[in-house]
Amino acid sequence: QVQLVESGGGLVQAGGSLRLSCAASGLTFNYAVGWFRQAPGKEREFVAALRWIGGSSYYADSVKGRFIISRDNAKNTVYMQMNSLKPEDTAVYFCAASRKSTRDIEEYDYWGQGTQVTVSS
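The structure displayed is predicted, hence computed values, not measured ones.

S.K.: Can you walk me through the state of the cysteines in this structure?
M.R.: Two cysteines, two sulfur atoms, one covalent bond between them: this is a disulfide. This model, assessed by the stated rule, comprises 1 disulfide. What pairs with C22 in a disulfide is C95, and their sulfur atoms sit 1.8 Å apart. Between C22 and C95, the disulfide has an S-S torsion of -70° and is therefore left-handed. Of the two residues, C22 sits in strand β3 (residues 18–25) while C95 sits in strand β9 (residues 91–98), which places them 73 residues apart along the sequence. For C22, a relative accessible area of 1% translates into the label buried. The buried category is assigned to C95, whose relative accessible area is 0%.

If you want it as structure tokens, here you go:
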């Protein structure tokens with residue numbers, strides 16, 4: 001019943017910015033929304049998460065101070081503003097939903113299809 005659709009990925013030069021969007025349907029406000037990323041040949045890793053009610057958020061150390069997660073209740077959308085992008089940020093980025101606000105990928109129940117982010121040096 002839950003659907004998550006990511007958008008906003010693309011090509012950007014190192015030091016540039018992108019804003020990813022996660023349009024959600026079928027979620028209740030007790031859910032948290034997280035962002036994960038997966039580079040070729042690597043495991044999927046946690047990036048950031050936000051609790052819908054109250055909007056509390058936390059980040060992986062690798063993106064802290066550069067990425068900002070936020071929500072727009074009217075649009076049922078979670079955003080991730082990505083600033084000061086580095087080539088090592090290149091990956092497919094996934095939006096996911098969990099009943100708990102957590103970094104643990106195994107706790108996330110619903111997933112989008114992903115959007116590609118490529119950062120050139």
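So much for the structure itself; the text now carries on.
S.K.: Teacher, can you tell me more about the pattern of salt bridges here?
M.R.: A side chain of one charge can pair with a side chain of the opposite charge when the charged atoms of the two come close. Throughout the structure, instances matching the rule amount to 5 salt bridges. Between D61 and K64 there is a salt bridge, with the nearest N and O atoms lying 3.4 Å from each other. Each member of the pair, D61 as well as K64, carries the same accessibility label: exposed. Residue E107 pairs with K100 through a salt bridge whose shortest N-O separation is 2.8 Å.

S.K.: Please clarify how the nonpolar core should be interpreted in this entry.
M.R.: Nonpolar side chains in soluble globular proteins tend to be buried together. Grouped together as the largest cluster of nonpolar side chains are 35 residues, with contacts concentrated most on W35, V47, F67, M80, M82 and Y93. Setting aside residues no more than four positions away along its own chain, Y93 makes contact with E6, L20, W35, F36, R37, V47, F67, M80, M82, G114, T115 and V117.

S.K.: Help me understand the side chain of T102 in this model?
M.R.: For T102, the position within the fold is in the loop between β9 and β10 (108–111). Those residues in contact with T102, other than ones at most four positions away along the chain, are F46, A49, Y58, E107 and Y108.

S.K.: Help me understand the sheet that holds β3, please; the structure alone is not making it clear to me.
M.R.: With antiparallel pairing, the 4 strands of this open sheet are ordered in space as β1-β3-β8-β7. At either end of the open sheet lies a strand with only one pairing partner, and these are β1 (3–7) and β7 (67–72). Ignoring strand direction, the axes of neighbouring strands in this sheet form an average angle of 15°. As defined by bridge partners, β7 adjoins strand β8 (residues 77–82) across 6 bridges and the pair is classed as antiparallel. Note on β8: the bridge partner recorded for D72 is T77.

S.K.: Is there a simple way to explain the pairing of strand β4 (residues 32–38) in this structure?
M.R.: It is a general feature of regular strands that their side chains alternate between the two faces of the sheet. Of all 7 residues that make up β4, 6 are buried, and the element is covered over most of its length. As judged from the 6 bridges shared by β4 and strand β5 (residues 45–51), these two strands associate in the antiparallel manner. Following the sheet pairing, G34 is matched in β5 by A49. Pairing geometry for β4 and β9, over 7 bridges, is antiparallel. When the bridges of β9 are listed, V33 appears paired with A97.

Reading the values: rules and limits
- Per chain, residues are indexed from 1 in the order of the written sequence.
- Local features in a predicted model are, by the rule used here, given only for residues with pLDDT of at least 70; side-chain atom pairs are given and counted only at 80 or more, and totals for whole chains, interfaces and linings are based on all residues.
- Side-chain figures throughout are based on the complete set of non-hydrogen atoms in the structure, without hydrogens or water.
- Two cysteine sulfurs form a disulfide in these notes if their separation is within 2.5 Å.
- Under the scheme used here, helices are H or I runs from DSSP no shorter than 4 residues and strands are E runs no shorter than 2 residues, and both carry numbers assigned from the N terminus.
- Categorising residues by exposure relies on relative accessible area from a 1.4 Å probe, with only protein chains included: less than 20% of the type maximum marks a residue as buried, more than 50% marks it as exposed, and the intermediate range marks it as partly exposed.
- Salt bridge criterion: a side-chain nitrogen from Lys or Arg within 4 Å of a carboxyl oxygen from Asp or Glu.
- Remark: nonpolar core denotes a set of buried residues (Ala, Val, Leu, Ile, Met, Phe, Trp, Tyr, Cys) joined through side-chain atoms within 4.5 Å.
- The contact criterion used throughout is that any non-hydrogen atoms of two residues lie within 4.5 Å.
- Following DSSP output, two strands are said to pair if at least two bridges run between them.
- Orientation is described by axes fitted as lines to C-alpha atoms, over the contacting stretch for helices, and by angles from 0 to 180 degrees between their N-to-C directions.

What is shown is where atoms sit, not what they do.
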